[in-house]
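Residue strings, one per chain:
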Amino acid sequence: HFQMKIYNSNKKHQYISFLLGIFWLIIAWMDYEAKDKIDWSFYGKIIIGVLYILITIYEYYYKYIEISNDLIYRNSIPKLEIVVSDLIEVKYFAGDYIFKSKNKRIEIVKKQINTTQLKEFEKKFNVLKTSVEENLS
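To start, this report covers the structure provided alongside it. What you see is a predicted model, and the numbers here were worked out from it, not measured in a lab. (Residues numbered from 1 in each chain as written. Predicted model: local features only at pLDDT ≥ 70, side-chain atom pairs only at ≥ 80, totals over all residues. Heavy atoms only, no water.)

Focus: the packing of aromatic side chains
Working step 1: Overall, the coordinates contain 9 aromatic pairs when judged by the stated rule.
Working step 2: Here F42 and Y43 contribute two aromatic rings whose centre-to-centre distance is 5.5 Å and whose plane-to-plane angle is 75 degrees, an arrangement assigned as edge-to-face.
Working step 3: In this structure Y43 comes out as partly exposed when scored by relative accessible area, which is 49%.
Working step 4: Taken together, a centroid distance of 6.4 Å and an interplanar angle of 25 degrees make the contact between F121 and F125 stacked. Pair noted here: F121 and F125 are both in helix 3 (residues 118–136), with a separation of 4 residues, about one helical turn.
Working step 5: Clustering of aromatic rings is evident, with ring pairs tying together Y92, Y97, F99, F121 and F125.
Working step 6: The ring of F93 carries the charged tip of K91 above its face, separated from the ring centre by 5.7 Å. (Phe/Tyr/Trp six-rings, centres within 6.5 Å; stacked < 30°, edge-to-face > 60°. Buried < 20%, exposed > 50% of the residue type's maximum accessible area, 1.4 Å probe, protein only. Helix = DSSP H or I, 4+ residues; strand = E, 2+ residues; numbered from the N terminus. Lys NZ or Arg CZ within 6 Å of the ring centre and 35° of its normal.)

A word on unusual backbone geometry
If a residue is not glycine, its phi is most likely negative; likewise, a peptide bond is most likely trans.
Working step 1: Despite not being glycine, A94 has its phi angle at roughly 55 degrees, a positive value.
Working step 2: On the secondary structure map, A94 appears in the loop between strand 5 (89–93) and strand 6 (96–100).

Some thoughts on a nonpolar patch on the surface
Working step 1: On the surface, I38, Y43, I47, V50, L51, L54, I57, Y60, Y61 and Y62 cluster together into a nonpolar patch covering about 1,100 Å² of accessible area.
Working step 2: Position of L54 among the secondary structure elements: in helix 2 (residues 40–61). (Patch = residues over 30% accessible without salt bridge, like charges linked within 9 Å, V, L, I, M, F, W, Y side chains within 5 Å. Areas by Shrake-Rupley, 256 points an atom, 1.4 Å probe, with all protein chains shown as cover. Salt bridge = Lys/Arg side-chain N within 4 Å of Asp/Glu carboxyl O.)

What about the pattern of salt bridges?
Working step 1: Enumeration over the complete set of coordinates arrives at 7 salt bridges.
Working step 2: Between K45 and D31 there is a salt bridge; the shortest N-O distance is 3.1 Å. With K45 in helix 2 and D31 in helix 1 (residues 11–35), this pair connects stretches of sequence that are 14 residues apart. There is no split in this pair, since K45 and D31 are both buried.
Working step 3: Residue E107 is joined to R105 by a salt bridge in which the shortest nitrogen-to-oxygen separation is 2.7 Å.
Working step 4: Among the residues examined, E107 registers a relative accessible area of 29% and is labelled partly exposed.

Here's the deal with helix 2
Working step 1: Between its terminal C-alpha atoms helix 2 stretches 32 Å, which fits the 32 Å expected from 22 residues at 1.5 Å a residue.
Working step 2: Listing the buried residues of helix 2 in full gives S41, F42, K45, G49, I53, T56 and Y58. (Expected span 1.5 Å × (residues − 1).)

Thoughts on the sheet that holds strand 7 (residues 105–109)
Working step 1: Taken together, the 3 strands give an open sheet; going across it, the order is 5-6-7, and neighbouring strands pair in antiparallel fashion. Single-partner strands in this sheet number two, and they are strand 5 and strand 7. Between one strand axis and the next, the sheet turns by 15 degrees as a mean value, whatever way the strands run.
Working step 2: Sheet analysis places strand 5 next to strand 6, joined by 5 bridges and oriented antiparallel. Each bridged residue has a counterpart across the sheet, and for E89 the counterpart in strand 6 is K100. (Pairing = 2+ DSSP bridges. Axes fitted to C-alpha atoms, helices over the stretch in contact; angles between N-to-C directions.)

Following this line, the structure appears as structure tokens:
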């Protein structure tokens, strides 16, 4: 049973999200200290800060893409998945790997794939592409 988990290579995005979360929490704390009271904007800043930090944690612990014999799954918000047997098109276009079924489409940005796993991903991509082309012929 084949299974591949592809990590996100865009660590810069994760660092920026984390720093933005910390920034919003600091702004909320400074706002509270200056006013010495809590109002609706304080809660909004806290929520924004916590959301940024939660997004960072989510992206750190969950893999960018998971491919198995049966399923292609992209961890994103919202999560996207396509059953391999439902694929009608597999192509590479403008730096994106595109997987299509009748109702769903998953685009995987080449730059976001960890470079150490890119060759393995491309091998699986080419196998899927060949398989889909043969099934549609």
